[in-house]
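Fold and geometry: a report
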Amino acid sequence: MDEHDEQRQAADALAMVRTHQERTRRAARLPWWVYAAIFVLTAGGTAANDFVGLGGAKLIAVLVLVALAAVLVTVFASRSSLLGRMRGVERRQSFDPQVFGVVLVVAVVGTWLASRYGAGLAGDLAGTVGLRDYPNTVDGVLYGAGFTLLFGLSQVLTTVSRRRTNR
């Protein structure tokens with residue numbers, strides 16, 4: 001075998017490894033419906049305040065607590081993350097302080113803006129779109145969009161950070 005054959009084999013092997021890495025990255029992405037579920041659950045939970053009385057609100061709170069307990073028991077019993085199981089892969093659980101810091105700053109700024117301008121903005125927006133009687137629904141849509149974007153930001157920053165670390 002001459003040097004040219006060895007170089008060709010090495011290039012083929014490298015191409016195969018890169019193809020495998022790309023397939024693995026694609027498989028590890030969250031499906032689109034996770035983002036839709038975050039939005040719908042946040043918006044729906046907040047919008048329920050427009051349609052449900054106090055007794056119904058207590059029932060919703062109990063259902064949320066039961067769902068939270070079920071998720072926590074599942075995670076602790078299986079010793080794997082829920083997102084990892086949804087992706088079908090088990091990743092290392094690494095903590096990147098820079099990503100955490102950026103997401104925390106964005107969350108704090110968003111929380112401050114929501115507490116300062118949220119009620120007035122939601123009321124004005126509800127009146128503008130003809131939903132003046134449903135201010136909690138408009139709040140829910142805004143919060144749902146905010147939480148979904150914050151979660152998406154954390155996923156993008158984590159992916160970029162891992163790619164930078166792996167190079």
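Residues numbered from 1 in each chain as written. Predicted model: local features only at pLDDT ≥ 70, side-chain atom pairs only at ≥ 80, totals over all residues. Heavy atoms only, no water.

**Here we look at the overall build of the chain**
When helices and strands are counted, the chain shows six helices and zero strands. Reading the chain from its N end, one meets helices and strands in the order α-α-α-α-α-α. Within the chain, contacts between residues at least 6 apart in sequence are counted, and of these 74% link residues at least 24 apart. Of the accessible surface of the chain, which amounts to about 12,400 Å², a share of 66% is contributed by carbon and sulfur atoms. (Helix = DSSP H or I, 4+ residues; strand = E, 2+ residues; numbered from the N terminus. Contact = heavy atoms within 4.5 Å. Areas by Shrake-Rupley, 256 points an atom, 1.4 Å probe, with all protein chains shown as cover.)

**Some remarks on the environment of Leu-125**
Tracing the backbone shows Leu-125 in helix 5 (residues 97–128). Note on Leu-125: relative accessible area 35%, which makes it partly exposed. C-alpha of Leu-125 to C-alpha of Val-138: the two residues are 13 residues apart in sequence and 7.5 Å apart in space. Contact partners of Leu-125, with chain neighbours within four places excluded, come to Val-138 and Leu-142. (Buried < 20%, exposed > 50% of the residue type's maximum accessible area, 1.4 Å probe, protein only.)

**Observations regarding the side chain of Ser-154**
Among the secondary structure elements, Ser-154 is positioned in helix 6 (residues 135–166). The buried category is assigned to Ser-154, whose relative accessible area is 16%. Not counting the four nearest positions on each side in its chain, Ser-154 is found in contact with Val-99 and Val-103.

**Thoughts on a nonpolar patch on the surface**
A surface patch of nonpolar side chains, about 1,100 Å² in accessible area, is lined by Phe-51, Val-105, Val-109, Trp-112, Leu-113, Tyr-117, Leu-121, Leu-125, Val-129, Leu-131, Tyr-134 and Leu-142. Here the element with the most residues in the nonpolar patch is helix 5; it accounts for seven residues. Overall, the relative accessible area of 57% leaves Phe-51 in the exposed class. (Patch = residues over 30% accessible without salt bridge, like charges linked within 9 Å, V, L, I, M, F, W, Y side chains within 5 Å. Salt bridge = Lys/Arg side-chain N within 4 Å of Asp/Glu carboxyl O.)

**Some remarks on the UniProt feature "transmembrane region" (unreviewed entry) in the chain**
In the numbering used here, UniProt assigns the "transmembrane region" (unreviewed entry) feature to residues 30–47, 59–78, 99–120 and 140–160. The annotated region residues 30–47 carries 89% helix and 0% strand content, and the separation between its end C-alpha atoms amounts to 26 Å. The annotated region residues 140–160 carries 100% helix and 0% strand content, and the separation between its end C-alpha atoms amounts to 30 Å. (UniProt positions renumbered as here; feature names shortened; annotations may be inferred.)

**A closer look at the side chain of Thr-148**
In this fold, Thr-148 is placed in helix 6. The exposure class of Thr-148 is buried, given its relative accessible area of 15%. Here the side chain of Thr-148 touches Phe-39 through a polar contact of 3.4 Å, landing on its backbone nitrogen. The contacts of Thr-148, once residues within four sequence positions are left out, are Tyr-35, Ile-38 and Phe-39. (Polar contact = N/O pair within 3.5 Å; in protein donor to acceptor, adjacent residues only side chain to side chain.)

**What to know about the packing of aromatic side chains**
Within the structure shown, the criterion is met by one aromatic pair. Considering the side-chain rings of Tyr-35 and Phe-151, the 5.7 Å spacing of their centres and the 55 degrees angle between planes classify their relative orientation as tilted. Within this pair, whereas Tyr-35 is found in helix 2 (residues 32–51), its partner Phe-151 is found in helix 6, the two being separated by 116 residues in sequence. A residue is classified by how much of its surface remains accessible, and Tyr-35, at 25% relative accessible area, is partly exposed. (Phe/Tyr/Trp six-rings, centres within 6.5 Å; stacked < 30°, edge-to-face > 60°.)

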